[in-house]
Amino acid sequence: MNQKLNCILVIDDDEPTNFFTRIILEEADCCNHIKTVQSGQEALDYLAQSEKPGADPNLYPSPDLIFLDINMPAMNGWEFLDEYRKVGIAPQHKIIMVMLTTSLFPEDKAKAGRSPEISGFENKPLTLEKLERILKTYFLDRQLRA
Amino acid sequence: MSSRLSISIKQRIYLGFFVLVSLFVVNAIVTNMTLNTQRKSSVYLSETVNPSLEALGEFRSILLQSKMYTTNWVFLRYGQDDKNRLRKLHEVDYPVLKQKISRLSLYWTAPGGSDSLQKLFESFDELLVIEKKIMHSLERFSDYDDPVTKLEAESKIEEEILPRTTSLINTLSGLYNKGLTVREKQNTMLKSSTARLRLSIIVLAIVITCTAIFLSIYMTKIIIAPIKRMSSIVNDMGRGIIRKINYQVNGNEVGDMVRSINNLSDKLQATANFAEEVGKRNFKAPYKPLSSEDTLGKSLLSMRDNLKKGELALSVQNKELETKNKELEQFAYVASHDLQEPLRTISGFVELFQKRYRGNLDENADKYLDYIVSSSSRMKILITDLLEYSRIGRNREIESVDCNKALMEVLLDLDATIKETRADIRSEHLPVVMGYSMEVKQLFQNLITNAIKFRKKDVDPSIRISVTREKDCFHFAIADNGIGIAKEHHERIFIIFQRLHNRTEYEGSGIGLSHCKKIIDLHKGRVWLESEPGEGTTFNFTLQQQPL
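Here's what I pulled together on the structure shown here. Note that residues are indexed from 1 along each chain, following the sequence as it is written. Lettering for chains starts from A, numbering for ligands starts from 1, and both go in the order in which the items are written. Only residues with pLDDT of at least 70 get local features here, since the model is predicted, and only at 80 or more are side-chain atom pairs given and counted; chain-wide, interface and lining totals rely on the full set of residues. The side-chain values count all of the structure's non-hydrogen atoms but skip hydrogen atoms and water molecules.

Brief notes about the layout of surface pockets
All names here are of chain B.
Alright, step 1. Using protein atoms alone on a 1 Å grid, points that fit a 1.4 Å probe yet trap it form a cavity, whereas open point sets bounded by protein on both sides within 12 Å along at least five of seven lines form a pocket; residues with an atom within 4 Å of a point count as lining. Grid points are joined across faces, edges and corners, and a volume is the space filled by probe spheres set on the points. Of the voids in this model, the second largest pocket is the one considered here, and its volume is about 550 Å³.
Alright, step 2. What lines the second largest pocket is a set of 20 residues, and nearest its centre among them are Asn325, Lys326, Glu329, Lys518 and Leu522.
Alright, step 3. Runs of E in the DSSP output that reach at least two residues are strands. Runs of H or I that reach at least four are helices, and both are numbered from the N terminus. Of all the secondary structure elements, the ones that give two or more residues to the lining of the second largest pocket are helix 7 (295-357), helix 8 (363-391) and helix 12 (512-522).
Alright, step 4. The element contributing the most residues to the lining of the second largest pocket is helix 7, with 7 residues.
Alright, step 5. Any residue that is not Ala, Val, Leu, Ile, Met, Phe, Trp, Tyr, Cys, Pro, Asp, Glu, Lys or Arg is counted as polar, Gly included; the first ten are nonpolar and the last four charged. Per-class residue counts for the lining of the second largest pocket are 9 nonpolar, 4 polar and 7 charged.
Alright, step 6. Among the domains, domain 2 (314-391) and domain 3 (394-544) are the pair contributing at least three residues each to the lining of the second largest pocket. These domain limits were set by an automatic method or by a database of domain assignments.

A closer look at the interface of chain A and chain B
Alright, step 1. Only heavy atoms enter the contact rule, under which two residues are in contact if any of them lie within 4.5 Å. Listed by partner, the interface residues are 20 residues for chain A and 15 residues for chain B.
Alright, step 2. Interface area for chain A against chain B, summed over the two sides, is near 1,500 Å², with a carbon-plus-sulfur share of 59%.
Alright, step 3. Note: buried area is the sum, over both parts, of the accessible area (probe 1.4 Å) each one loses when the two are combined. Together, Thr102, Leu104 and Phe105 of chain A form the three largest contributors to the area buried by chain A at its contact with chain B, with a combined 36%.
Alright, step 4. Any Lys or Arg side-chain nitrogen found within 4 Å of a carboxyl oxygen on Asp or Glu counts as a salt bridge. There are 3 salt bridges connecting chain A and chain B.
Alright, step 5. Between Lys124 of chain A and Glu341 of chain B there is a salt bridge, with the nearest N and O atoms lying 2.8 Å from each other.
Alright, step 6. Here a polar contact is recorded for every N or O atom pair within 3.5 Å, except that within protein the pair must consist of a potential hydrogen donor and a potential acceptor, and residues adjacent in sequence are included only if both atoms are side-chain atoms. The tally of links from chain A across to chain B stands at 6 residue pairs in polar contact (both at pLDDT 80 or more).
Alright, step 7. The element best represented in the side of chain A that touches chain B is helix 1 (residues 15-28) of chain A, accounting for 7 residues.
Alright, step 8. Split into classes, the residues belonging to the side of chain A that touches chain B amount to 10 nonpolar, 5 polar and 5 charged.

As for the pairing of strand 7 (residues 537-544) of chain B
All names here are of chain B.
Alright, step 1. With 8 of 8 residues buried, strand 7 is to be regarded as a mostly interior element.
Alright, step 2. Under the scheme applied here, a residue whose accessible area is under 20% of the maximum for its type counts as buried, over 50% as exposed, and between as partly exposed, the area being computed with a 1.4 Å probe on protein chains only. Going residue by residue along strand 7, you find Thr537, Phe539, Phe541 and Leu543 tucked away on one face and Thr538, Asn540, Thr542 and Gln544 tucked away on the opposite face as well.
Alright, step 3. Strand pairing requires that DSSP identify at least two bridges connecting the strands. Direction of pairing for strand 5 (residues 473-480) relative to strand 7: antiparallel, over a ladder of 7 bridges. Each bridged residue has a counterpart across the sheet, and for Phe474 the counterpart in strand 7 is Leu543.
Alright, step 4. Two strands pair when backbone bridges link them, and strand 6 (residues 527-531) and strand 7 are joined in this way by 5 bridges, in the antiparallel orientation. Among the inter-strand pairings, Leu529 is bridged to a residue of strand 7, identified as Phe539.

Topic: the packing of aromatic side chains
Alright, step 1. The pairing test for Phe, Tyr and Trp rings, Trp by its six-membered ring, is centres within 6.5 Å, and the orientation test on the planes gives stacked under 30 degrees, edge-to-face over 60, and tilted for anything in between. Enumeration over the complete set of coordinates arrives at 16 aromatic pairs over all chains.
Alright, step 2. Where Phe20 of chain A meets Phe349 of chain B, the ring centres are 5.1 Å apart and the plane angle is 75°; that geometry is what we call edge-to-face. A residue pair is termed interchain when its members come from two chains, as with Phe20 of chain A in helix 1 and Phe349 of chain B in helix 7.
Alright, step 3. Residue Phe20 of chain A is classed as buried on the basis of its relative accessible area of 7%.
Alright, step 4. When its relative accessible area of 23% is taken as the criterion, Phe349 of chain B is described as partly exposed.

Regarding the sheet that holds strand 7 of chain B
Residues and elements named next belong to chain B.
Alright, step 1. Strand order in the open sheet formed by 5 strands is 2-4-5-7-6, and the pairing between neighbours is mixed. The sheet is open, and its two edges are formed by strand 2 (424-427) and strand 6, each paired on a single side. Each strand axis lies, on average, 15° off the axis of its neighbour in the sheet, ignoring direction. Here, axes are lines fitted to C-alpha atoms. For helices the fit covers the stretch in contact, and angles between N-to-C directions go from 0 to 180 degrees.

What about the sheet that holds strand 2 (residues 31-37) of chain A?
All names here are of chain A.
Alright, step 1. Spatially, the 5 strands line up as an open sheet ordered 2-1-3-4-5, and their pairing is parallel. Edge strands, defined here as strands with exactly one partner in the open sheet, are strand 2 and strand 5 (118-123). Neighbour to neighbour, the strand axes of the sheet diverge by 20° on average, direction disregarded.
Alright, step 2. In the sheet, strand 1 (residues 5-11) pairs with strand 3 (residues 65-68) via 4 bridges, with the strands oriented parallel. Each residue of the ladder has a partner; that of Val10, found in strand 3, is Phe67.
Alright, step 3. Set on the sheet, helix 2 (residues 40-50) makes contact with strand 1, strand 2 and strand 3; between it and strand 1 the angle comes to about 155°.
Alright, step 4. This element, helix 5 (residues 128-139), spans strand 1, strand 3, strand 4 (96-101) and strand 5 of the sheet and lies at about 165° to strand 5.

It is worth stressing that arrangement in space is one thing and function is another; only the former is reported here.
As structure tokens, then:
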């Protein structure tokens, strides 16, 4: 991988999971920034900042890829998506959103398939193989902005 | 109902007897009257007509004797006996006879009889006066010697006695003939009345007989025939067959009886219908006991109430059970789902740990790590299986499932395994069943996976799938040539997480067959197996043909 992504945003309420994902992402060395948040609200707040015109790209780098958990307290993955649509964040570039979840429910997978914002569906834990597959699928021809 | 039909049978029987008795009475009266008339006629004949005729006969002989003795008186001077006889005739015989005939003539009926008799007596009295004169003129012997007197007497005989006597006899004959005619008439009347009596007795006897026969046939028809029908219907009721009488219902006792039986039949039918409805658990069917003493009806009602109560209690219990069951399922579902999240993290970190630090620690540490990794991955499988087990039948719809298609998909999924183990799987054409498609597929998958997994080490697996159509379900059989299962384990293998073999021998969580059992239970089917160790195993199960 010689073309790095700018930023990957990881949304999961479980701190060890976030830590684990960060390790994998760091090991893969595929991006400049890794941002982990522990709730949907935090993620919305972050995106509000990062996608604001004239945002500081060092303080709030805009994510190319988001890993979204489904089962979270207060605001689950689906509710996050609803809010995301509602607040009208208009990213200046396409953000790839991938569900990263322990859910084995076929319903969740089917629902993810029906959501236009969701590009992929992966089961936890994230592995180098899964990450590589995601990058190959969604970012192969992509010019890095940074 | 017309008034003619509302005459009761009792009245009809009375009427019939009344008619018969009346006929007898008429017969008796007619006979009696006829006999009375006949008796009167014969009394008249014997007491009036015959003595009268006899007396008239005597009168005739007196007339003749009188003529004869008078003539003798004149011509025989010494005929003293005849003279005495003539005197006796004049003084005794004739008055007696005259009195007798006069008495009889009081009863005579023929017109003019008495008058002509009176004239006859008058003429005879005149004649007697002449005779007496003659007798007187020739009183003594010496009187005969007087030729004038004798000649005079002789000429009186010639001119008076003989013609008068002849005329009297003629008149008497007329009277006698009249009496004969009367007697003839009386006799004829007697004869004809006897004939009439005989005829009337015969006619009445025939009429009475016919009336009696008609009455008995009529009574039979209106009483016996309907009673026979009713008896057959009542017999049927005794055998539990409820019928009604299709009989023209009249306003008489038989009609009442028919109505009573039809009413009984209706009520019985209503009771039977109600019992049937209760049997079908339709507790809302309307029903009233036939009376306050209707033990059957009241028992039925209390039976219904008890059943209803029982049913209600059962349904409450059922609902509770269902809720409990759902809670349990929900618990298993949520527990297994939530358990896997931290488990994934653990196994993720352990794997990471193993990858980064393996060989950097001592040998024991590496071994511990290996155990931790394998145990956590086994736990992952257990939890995933448990989750899937608790998800069987959740949020699914019954649909028609083509088992051929399900099997085909399973065989595609298992393609690698099949090729690796060189398994020979053959199936008959399978039916379409009603069920949950995912579950049916999983059923086939689990059974085939098992059949391949528990193969004999030195024999390629051979699996045969067959199906037979039974009354309301399909009976599937999946037979393999594997290691078989000892009889004592046939029940145990369906219990969740029960295993018969060491994990190192045969991998697996021990949930596959309990999955199958749950799926078949869900489809209201049965599952059983035939197997001996070393002889292969046949798993049998049934699936419904019709919607569950």
